[in-house]
Structures are given as C-alpha cells and as structure tokens.
Amino acid sequence: NVTVCAHCHGSYTYVKLEEKLQASLKSLGYSVDEQNKILKNLVCAAYAPYAPLGKSKTTMVSFANARDGVVHLNNSTSGTVFE
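For every chain, the first residue of the written sequence is number 1, and numbering continues from 1 along that sequence. This being a predicted model, a pLDDT of at least 70 is required before a residue's local features are given, and a value of 80 or more before pairs of side-chain atoms are given or counted; all residues contribute to the totals for chains, interfaces and linings. Heavy atoms from the whole structure form the basis of all side-chain values; hydrogens and water molecules are not counted.

Asker: For the sheet that holds strand β1 (residues 2-7), give the residues involved together with the corresponding values.
Answerer: Should DSSP find at least two bridges between two strands, the strands are regarded as paired. Here a strand is any run of E in DSSP of at least two residues, a helix any run of H or I of at least four, and the numbering for each starts at the N terminus. Read across the sheet, 3 strands follow the order β1-β2-β3 without closing on themselves; strand pairing throughout is parallel. Looking at the sheet topology across the chains shown, the edges are occupied by β1 and β3 (59-63). Each strand of the sheet is rotated relative to its neighbour by a mean of 15°, with strand direction disregarded. Relative to the sheet, helix α1 (residues 9-27) contacts β1, β2 (42-47) and β3, its axis offset from that of β1 by approximately 140°. Only C-alpha atoms enter the line fits that serve as axes; for helices the fit covers just the stretch in contact. Angles between N-to-C directions range over 0 to 180 degrees. Note on contacts: a residue pair qualifies if any of its non-hydrogen atoms lie within 4.5 Å across the two residues.

Put into structure tokens, the structure is as follows:
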C-alpha cells in the first residue's frame, strides 16, 4: 500500500503518474482486472486539488473549500482541467 499527500498541482501530477503506472502495467502484460487491483492499493489525500475529481482510478480523497474560485472548476462534470 502506498499513501500520497498532495497539495494543489501535486494532485494533477499524481493523476498523471497514475496514468503512466497504468500504461506500464499494461505493457508488462497485466490484465485490466489485475491493473485495477494494483491501482486500488494507492491512496491519495489531496488538499485543494487542481485535478479533475472522479478521474483517478485509485482511492483519492480530496479536501477543497467550497468558495475556492479555481478548484471548483476541476470537477468531474466540467469537462476541463484548466480554465
């Protein structure tokens, strides 16, 4: 098990590293089910995440201020990461 604490753009970096890990697992011949089981062993606690919520395939717990003028744009329904 791996736990990562991220702040702001660190959460975006975490999501990109997760994508690279998934590509590496695929190239090594792991099945989709095996990949998902491996990815579920990663946990990220993100404060004020500057990454789209709901995109991570790992367990990601995000803490954000409801009045944040930037972070609220990065939800799973907005369709964009940066505005």
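What follows continues from the structure just given.
Asker: So, the pattern of salt bridges: which residues are in play, and what are the values?
Answerer: Where side chains of opposite charge bring their charged atoms close, a pairing between them can arise. Whenever a carboxyl oxygen of Asp or Glu lies within 4 Å of a side-chain nitrogen of Lys or Arg, that contact is scored as a salt bridge. Considering all chains together, one arrives at 2 salt bridges under this definition. A salt bridge links Asp33 to Lys37, with the nearest nitrogen and oxygen atoms 3.5 Å apart. Highlighted residues: Asp33 and Lys37, both in helix α2 (residues 32-39), separated by 4 residues, approximately one helical turn. For the exposure calls, accessible area comes from a 1.4 Å probe over protein chains only, and a residue counts as buried if that area is under 20% of its type's maximum, exposed if over 50%, partly exposed in between. With a relative accessible area of 46%, Asp33 lands in the partly exposed category.

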